Amino acid sequence: MFLSRTLLKRHSVLPGFDLALGFTVMYLCFIVLIPLSAAFLKTFTLTWPQFWDTVTSPRVMASYRLTFGASFAAAIANAFFGLIIAWVLVRYDFFGKRFIDALVDLPFALPTAVAGIALTALYAGNGWIGQYLALIGVKVSYTPLGVFVALTFIGLPFVVRTLQPVLEDLQKELEEAAATLGATRWQTFTRVLFPIMMPALLTGFALAFARALGEYGSVIFIAGNMPMVSEITPLLIITKLEQYDYAGATAIAVVLLVVSFVMLLAINLIQAWARKRQGG
């Protein structure tokens, strides 16, 4: 056995653990750790009162409420509708299935600025969709609702693509066994299938939420960017950078980063708990 391990290590096409770990750490340092550290270091040039005044000003707090609120609402909507779309794409065969499946990836391929312009044109008062919404008094473009629409658009693929492999691996024997034992379709879904899908659904939710928090290009066109009303936090960071207030920009970015990390960590802990419960 020792000889086989030696030969495997000697003739392996992959690099050794030490070399691979070194490349991994170096890559993470240059791409992730050093830029994030620079943001924190620039923020530390502010005194605590300056930092607190910067990140808690009324305009900044309003942007937090819109950014986190719209991102969370969009992630919830994507989790619900993404589950339905993934279920239909996996479980049913119908005409145009390949086209719809490819259409799901459109937000990945479409430049965010193009997406923002297209959504604005669609939901404006004279747009294809907006003109009908205007008849019932609903205004989307240049309102916080437009931010929600844009964030929902860019986050949907994360949920669908995360759920599809899990749904494809679900064995139909589980549903047949549940039906044999007298379970209804709703009981089979909620008690048998949904617990298996929940970790993947939480992963898709977390990815959609994280993507929405940092979205800029598709939002600025449809939001209207009115301070205290429809101004998102990434736009406020860009505004401070254009005013050469680098410390203020990094301070807001650090708050956004820390809150995002805490929320994603909480979601990951919930995922781990769900997997442990499912395995147990």
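Residues numbered from 1 in each chain as written. Predicted model: local features only at pLDDT ≥ 70, side-chain atom pairs only at ≥ 80, totals over all residues. Heavy atoms only, no water.

Draft legend 1. Region of the structure containing the packing of aromatic side chains. With the rule as written, the count across this model stands at 13 aromatic pairs. When the ring of Tyr244 is compared with that of Tyr246, the centres are 6.3 Å apart and the planes differ by 85 degrees; the resulting orientation is edge-to-face. Taken together, the ring pairs connect Trp87, Trp186, Phe189 and Phe194 into an aromatic cluster. (Phe/Tyr/Trp six-rings, centres within 6.5 Å; stacked < 30°, edge-to-face > 60°.)

Draft legend 2. Layout of the pattern of salt bridges. As enumerated under the stated definition, the model contains six salt bridges in all. Between Asp105 and Arg161 there is a salt bridge, with the nearest N and O atoms lying 2.9 Å from each other. Taken together, the residues span a long stretch of sequence, with Asp105 in the loop between helix H5 (97-103) and helix H6 (106-109) and Arg161 in helix H9 (residues 144-169) at a distance of 56 residues. Asp105 gets classed as partly exposed once you look at its relative accessible area, which sits at 28%. The salt bridge involving Asp245 is made with Lys240; its shortest N-O contact spans 3.6 Å. For Lys240, a relative accessible area of 17% gives the class buried. In the salt-bridge network here, residues are joined through shared partners; they are Asp101, Asp105 and Arg161. (Salt bridge = Lys/Arg side-chain N within 4 Å of Asp/Glu carboxyl O. Helix = DSSP H or I, 4+ residues; strand = E, 2+ residues; numbered from the N terminus. Buried < 20%, exposed > 50% of the residue type's maximum accessible area, 1.4 Å probe, protein only.)

Draft legend 3. Up close: the packing of helix H7 (residues 112-123) against H9. Running from amino to carboxyl end, H7 crosses H9 at an angle of 130 degrees, the nearest separation of the two axes being 11 Å. As the angle between them shows, H7 and H9 are arranged oblique. Our pair here, H7 against H9, has a crossing hand that is right-handed. Contacts between H7 and H9 involve Ala115, Leu119 and Tyr123 from the former and Val149, Ala150 and Phe153 from the latter. Per-class residue counts for the contact of H7 with H9 are six nonpolar, no polar and no charged. (Axes fitted to C-alpha atoms, helices over the stretch in contact; angles between N-to-C directions. Parallel < 35°, antiparallel > 145°, perpendicular 65-115°, else oblique. Left-handed = near helix turned anticlockwise from the far one by under 90°. Contact = heavy atoms within 4.5 Å. Nonpolar A, V, L, I, M, F, W, Y, C, P; charged D, E, K, R; others polar.)

Scope: geometric values only; no functional claims are made or implied.
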